[in-house]
Amino acid sequence: MAVENPLPFSPDLIFGPFTIGFNAASILFGVLTVQYYLYHISFPKDSSWIKCLALLIWLFELGHQISISHSAYVIMITNYGSPRALLSCPKSIHSLSIFACAVSFTVRGFYIYRLWKFHRSWVLVIFLSLLSCASTGLYMYTTILGFIQPNLLLYGQRYSRFIISSGVLSACADVSVTFCMCMVLFKRKQHGGVELTRSILDRLILWSLESGLFPTIFIIGMAVSSGISKDSFIWIAFWLVTCRAYSNSFFAMLNGRVFLRNLNANSLAVHTFDHIQSDLRSQPHVSLPGRHSSGRDIEMSKVIHVQSDFEQDVYNNGKV
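What counts, and at which threshold
- Residues numbered from 1 in each chain as written.
- Predicted model: local features only at pLDDT ≥ 70, side-chain atom pairs only at ≥ 80, totals over all residues.
- Heavy atoms only, no water.
- Salt bridge = Lys/Arg side-chain N within 4 Å of Asp/Glu carboxyl O.
- Helix = DSSP H or I, 4+ residues; strand = E, 2+ residues; numbered from the N terminus.
- Buried < 20%, exposed > 50% of the residue type's maximum accessible area, 1.4 Å probe, protein only.
- Axes fitted to C-alpha atoms, helices over the stretch in contact; angles between N-to-C directions.
- Parallel < 35°, antiparallel > 145°, perpendicular 65-115°, else oblique.
- Left-handed = near helix turned anticlockwise from the far one by under 90°.
- Contact = heavy atoms within 4.5 Å.

Asks: Got a minute to help me understand the pattern of salt bridges in this structure?
Replies: Summed over the entire model, instances satisfying the criterion amount to three salt bridges. One salt bridge connects Glu61 with Arg244, and the closest N-O pair in it is separated by 2.4 Å. One end of the pair, Glu61, is in helix α2 (residues 48–78); the other, Arg244, is in helix α8 (residues 234–255), with 183 residues separating them in the sequence. The same class applies to Glu61 as to Arg244, namely buried. A salt bridge links Arg108 to Asp174; the shortest N-O distance between them is 2.8 Å. Taken together, the residues Arg108 in helix α3 (residues 92–118) and Asp174 in helix α6 (residues 160–190) connect sequence positions 66 residues apart. Like Arg108, the residue Asp174 is buried in the burial classification.

Asks: What is the right way to read the packing of α2 against α3 from this model?
Replies: Any two packed helices are characterised by how steeply their axes cross, that is the angle between the axes, and by the distance between the axes. In the contact formed by α2 and α3, the axes pass within 8 Å of each other and the chain directions differ by 155 degrees. The angle between α2 and α3 falls in the class roughly antiparallel. Crossing hand, α2 versus α3: left-handed. Packed against α2, whose contacting residues are Trp49, Leu53, Ile57, Phe60, Glu61, Gly63, His64, Ser67, Ile68, His70 and Ser71, the element α3 presents Ser92, Ile93, Ser95, Leu96, Phe99, Ala100, Ala102, Val103, Thr106, Val107, Phe110 and Tyr113 at the interface.

Asks: Help me understand the environment of Tyr246 in this model?
Replies: With respect to the element layout, Tyr246 can be found in helix α8. Using a relative accessible area of 4% as the deciding quantity, one classes Tyr246 as buried. With 32 residues separating them in the primary sequence, Tyr246 and Phe214 have C-alpha atoms 7.8 Å apart. Apart from the residues within four sequence positions on either side, Tyr246 is in contact with Val103, Ser104, Val107, Arg108, Tyr111, Asp174, Pro215 and Ile219.

Geometric descriptors of this kind do not, in isolation, establish any biological role.
Next up, the structure:
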């Protein structure tokens with residue numbers, strides 16, 4: 001039985017992008033692990049479900065990294081110098097796709113939940129949830145097509161329209177969630193409030209843009225490269241890193257609450273100092289009983305320790 005051959009083999013366009021994507025994803029997994037550790041020690045009072053969600057995302061990424069490592073070993077070491085090996089991709093490629101889909105769906109779902117905590121609009125939440133489910137469903141369909149056509153080169157050639165459609169739909173879902181979140185926060189900022197609240201809202205808007213648009217960059221890169229260069233693995237390089245973009249953005253947002261904690265503490269300290277200084281100036285000097293005043297002023301200082309769970313209220317309860 002004759003075997004269908006792919007187009008002319010080019011190591012630079014086949015193994016090169018896969019190697020770059022594998023190395024970048026491995027580095028970002030290390031960054032992700034450090035972020036998870038920092039979250040674990042910095043926010044021990046977080047809700048149990050948020051802790052479980054963070055652990056679940058890290059476990060998904062661990063499975064994703066194991067799948068990438070196995071695929072890279074089979075493609076670049078076991079079948080080194082054999083272009084025909086690409087006619088049948090490793091089985092771990094399929095599990096890699098499933099883990100990536102799970103991470104993107106979970107992180108996007110958390111962003112939608114956070115939006116609902118800030119703006120309890122069921123119509124908006126249902127629309128964004130349906131859009132997210134549609135992008136996830138199309139993503140899973142492209143994964144099923146990989147079982148039908150195990151040849152990676154022919155897969156990219158024949159089903160590039162599905163890869164592009166999946167990327168466009170995922171980008172639309174991410175941009176929609178980000179836009180809605182920024183609009184909700186911006187409207188709250190327009191209602192006025194103290195300077196501390198405005199600063200925190202500015203920071204939350206910036207984080208929403210970063211967490212939503214960072215994965216979109218790689219998704220667009222995957223869709224564009226798949227449409228322009230169907231005979232290469234350039235789209236796979238973006239695809240391997242997209243999963244890490246979701247998870248690292250998620251943990252960066254959680255750990256960024258340290259900034260809110262410090263901002264809130266500094267603001268309280270300045271306000272308390274000004275209040276104490278004003279009280280001391282408005283009160284007459286007090287002499288010690290049984291002794292004559294020497295005419296010298298006695299400087300008094302007062303230290304107040306304030307503990308605030310403001311940053312937990314922002315994400316756990318959606319309060320600003």
